[in-house]
Amino acid sequence: MHLTGTHIAYLHTCHRKLWLFANGIQMEHNSEMVAEGKLIAETTYLDRARKYTELAIEGIKIDFYDAKEKVVHEVKKSDKVEHAHKAQVIYYLYILHKNGINEPSAIIEYPKLKQREIINWDDDFITLGRDWEEEALEIIRLEGCPKLIRKSICKKCSYYELCYIDEI
Ligand code: SF4
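Residues numbered from 1 in each chain as written. Predicted model: local features only at pLDDT ≥ 70, side-chain atom pairs only at ≥ 80, totals over all residues. Heavy atoms only, no water.

## Re the nonpolar core
One recurring pattern in soluble globular proteins: nonpolar side chains tend to sit buried together.
Argument step 1. In this structure, Val-72, Leu-93, Leu-96 and Ile-119 are the most contacted members of the largest nonpolar core, which totals 39 residues.
Argument step 2. Of all the secondary structure elements, the ones that give two or more residues to this core are α1 (5-11), α2 (15-22), β2 (60-66), α5 (83-98), β4 (105-110) and α6 (124-140).
Argument step 3. In this view, Leu-93 contacts Val-72, Pro-104, Ser-105, Ala-106, Ile-119, Trp-121 and Phe-125; residues no more than four positions away in its chain are not counted. (Core = buried A, V, L, I, M, F, W, Y, C linked by side-chain atoms within 4.5 Å. Buried < 20%, exposed > 50% of the residue type's maximum accessible area, 1.4 Å probe, protein only. Helix = DSSP H or I, 4+ residues; strand = E, 2+ residues; numbered from the N terminus. Contact = heavy atoms within 4.5 Å.)

If you want it as structure tokens, here you go:
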């Protein structure tokens, strides 16, 4: 199975979310937040769609890739910088490197925060990428769904109602 950037982001957010998503229970497409994120990506970065290439390679899909400079541009709707965003983008760089692109880099854009984070290539991404793949696949193949994490992020999660059905 090919992993996607979403799998890697969920690995760094909640193992239960990763398991639910990977095992076919997908509620994210109904989420208003995803729609809002798409809108931000489509409006704020309309020009980029013309300038940059969309790239699908192994399981990953990169919306804005600057092939000349070997730079991934990732847009996040979030109003805070999250570790999971960085992990997802590092995974993209690992896959690009694995497919013959030498030392790719990335820029994560946060339009709501008017901030950007630059991620330069690091050889450690090779080990990180491999380890995350292994860990994610181990979780996905578990017989049962991992436990609730009971954190504040649950309230914004598309699986909230499913996870807390007995409590709401
Ligand atoms: S609601 Fe919480 S425990 Fe359930 S999948 Fe989402 S983040 Fe994980």
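From this point, the discussion proceeds with the structure in view.
## Side note on the sheet that holds strand β5 (residues 115-119)
Argument step 1. Spatially, β1-β2-β3-β4-β5 is the arrangement adopted by the five strands of the open sheet, whose pairing is mixed. The open sheet is flanked by β1 (53-57) and β5, the only strands paired with a single partner. With strand direction ignored, the average angle separating the axes of adjacent strands in the sheet is 35°.
Argument step 2. Pairing of β1 with β2, which is carried by four bridges, proceeds in the antiparallel orientation. Bridge pairing in β2 links Thr-53 to Tyr-65. (Pairing = 2+ DSSP bridges. Axes fitted to C-alpha atoms, helices over the stretch in contact; angles between N-to-C directions.)

## Describing the packing of α2 against α6
Argument step 1. For the pair α2 and α6, the least separation of the axes is 9 Å and the interaxial angle reads 70°. Between α2 and α6, the angle falls in the class roughly perpendicular. The handedness of the crossing between α2 and α6 is right-handed. From α2, His-15, Leu-18, Trp-19 and Ala-22 reach across to α6, where they touch Glu-135, Ala-136, Ile-139 and Ile-140.
Argument step 2. Grouping the amino acids of the contact of α2 with α6 by side-chain chemistry returns six nonpolar, one polar and one charged. (Parallel < 35°, antiparallel > 145°, perpendicular 65-115°, else oblique. Left-handed = near helix turned anticlockwise from the far one by under 90°. Nonpolar A, V, L, I, M, F, W, Y, C, P; charged D, E, K, R; others polar.)

## Description of the site of the ligand
Argument step 1. Every residue close to the ligand is listed here: Cys-14, Arg-16, Lys-17, Leu-148, Ile-149, Cys-154, Cys-157, Tyr-159, Tyr-160, Cys-163 and Tyr-164.
Argument step 2. Those elements that place two or more of their residues in the shell around the ligand are α2 and α7 (160-163). (Near = heavy atom within 4 Å.)

## Structural notes on the side chain of Glu-74
Argument step 1. Among the structural elements, Glu-74 can be located in strand β3 (residues 71-75).
Argument step 2. Within polar-contact distance, the side chain of Glu-74 engages the side chain of Lys-76 at 3.1 Å.
Argument step 3. Those residues in contact with Glu-74 that lie beyond four places of it in its chain are Gln-88, Val-89, Tyr-92, Ile-107, Ile-108 and Glu-109. (Polar contact = N/O pair within 3.5 Å; in protein donor to acceptor, adjacent residues only side chain to side chain.)

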